Amino acid sequence: MLKRSHYLIADIESCVLCTAQEEETIDHLIFNCPFSQACWDKIGISYNSNISRIEATIRAKEIYSGRLFIEIFTITTWNIWKERNNFIFNQINPTYNAWLERTKADLSWLRYKVSTDLSDYITSLVNNL
Ligand SMILES: [Zn+2]
């Protein structure tokens, strides 16, 4: 959006999560970047970015074997975005471990918003990440 508005954004045009020098598009940053793919692999969500985002999300939900798909999908995406922003705004290099720890912490908070059986499920999920 900044680029389309002709802002000078040369420093942030390339993805900061990988060394591939890929343009930072939503599809690359969140789904296709090797960094993000490692995150999705860890969380167990498969995302086919060759189809529309909505269709890919629906398919990912259909084949996801766990519970709380949207919550886990959102937390995973949010923490990939936060790794990117930590570099852009705080000059902190993105790391898989930082993403993982933040994701586990956010999932742990989710336990307080759900029923007991889902809380137990989240505890098990976090312990196995
Ligand atoms: Zn990348």
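The shown structure was predicted, so the numbers you read here are calculated from the model rather than taken from an experiment.

### Topic: the packing of aromatic side chains
At step 1: The full count for this structure, using the stated rule, is 9 aromatic pairs.
At step 2: Centroid distance Phe31 to Tyr47: 3.6 Å. Interplanar angle 5°. Geometry classified as stacked. Here Phe31, found in helix α1 (residues 26–32), pairs with Tyr47, found in the loop between α2 (34–43) and α3 (53–63); they are 16 residues apart in sequence, far enough to count as distant.
At step 3: With relative accessibility at 9%, the residue Phe31 sits in the buried group.
At step 4: Accessibility expressed as a relative area gives 16% for Tyr47, which makes it buried.
At step 5: A cation over an aromatic ring shows up here: Arg67 above the ring of Tyr121, its NZ or CZ 5.6 Å from the ring centre.

### Observations regarding the nonpolar core
At step 1: Judged by nonpolar contacts, the single largest core of 31 residues is most densely connected at Trp40, Ile45, Ile72 and Leu107.
At step 2: The set of elements that each furnish at least two residues to this core consists of α1, α2, α3, α4 (69–90), α5 (96–110) and α6 (116–127).
At step 3: Among residues more than four places away in sequence, those in contact with Leu107 are Ile72, Ile75, Ile122, Leu125, Val126 and Leu129.

### Some details on the side chain of Asn79
At step 1: Counting through the fold element by element, Asn79 comes out in helix α4.
At step 2: For Asn79, a relative accessible area of 0% translates into the label buried.
At step 3: Setting aside its immediate chain neighbours within four residues, Asn79 contacts Trp99, Arg102, Thr103 and Asp106.

### Remarks on the pattern of salt bridges
At step 1: Applying the stated criterion across every chain, the model contains 5 salt bridges.
At step 2: Among the salt bridges present, the one from Arg84 reaches Glu24, with a minimum N-O distance of 2.8 Å. Here Arg84 is found in helix α4, whereas its partner Glu24 is found in the segment before α1, with 60 residues between them in sequence. Comparing Arg84 with Glu24 shows no difference in burial state: the two are buried.

### Details of the side chain of Thr76
At step 1: Checked against the element boundaries, Thr76 lands in helix α4.
At step 2: What makes Thr76 buried here is its relative accessible area of 0%.
At step 3: Filtering out sequence-adjacent residues up to four positions away, Thr76 remains in contact with Trp40, Ile43 and Trp99.

### Side note on the UniProt feature "domain: Reverse transcriptase zinc-binding" (unreviewed entry) in the protein
At step 1: Residues annotated in UniProt with the feature "domain: Reverse transcriptase zinc-binding" (unreviewed entry) correspond here to residues 13–40.
At step 2: For residues 13–40, the helix share is 50%, the strand share is 0%, and the end-to-end C-alpha distance is 23 Å.

Criteria and thresholds
Residues numbered from 1 in each chain as written. Predicted model: local features only at pLDDT ≥ 70, side-chain atom pairs only at ≥ 80, totals over all residues. Heavy atoms only, no water. Phe/Tyr/Trp six-rings, centres within 6.5 Å; stacked < 30°, edge-to-face > 60°. Helix = DSSP H or I, 4+ residues; strand = E, 2+ residues; numbered from the N terminus. Buried < 20%, exposed > 50% of the residue type's maximum accessible area, 1.4 Å probe, protein only. Lys NZ or Arg CZ within 6 Å of the ring centre and 35° of its normal. Core = buried A, V, L, I, M, F, W, Y, C linked by side-chain atoms within 4.5 Å. Contact = heavy atoms within 4.5 Å. Salt bridge = Lys/Arg side-chain N within 4 Å of Asp/Glu carboxyl O. UniProt positions renumbered as here; feature names shortened; annotations may be inferred.

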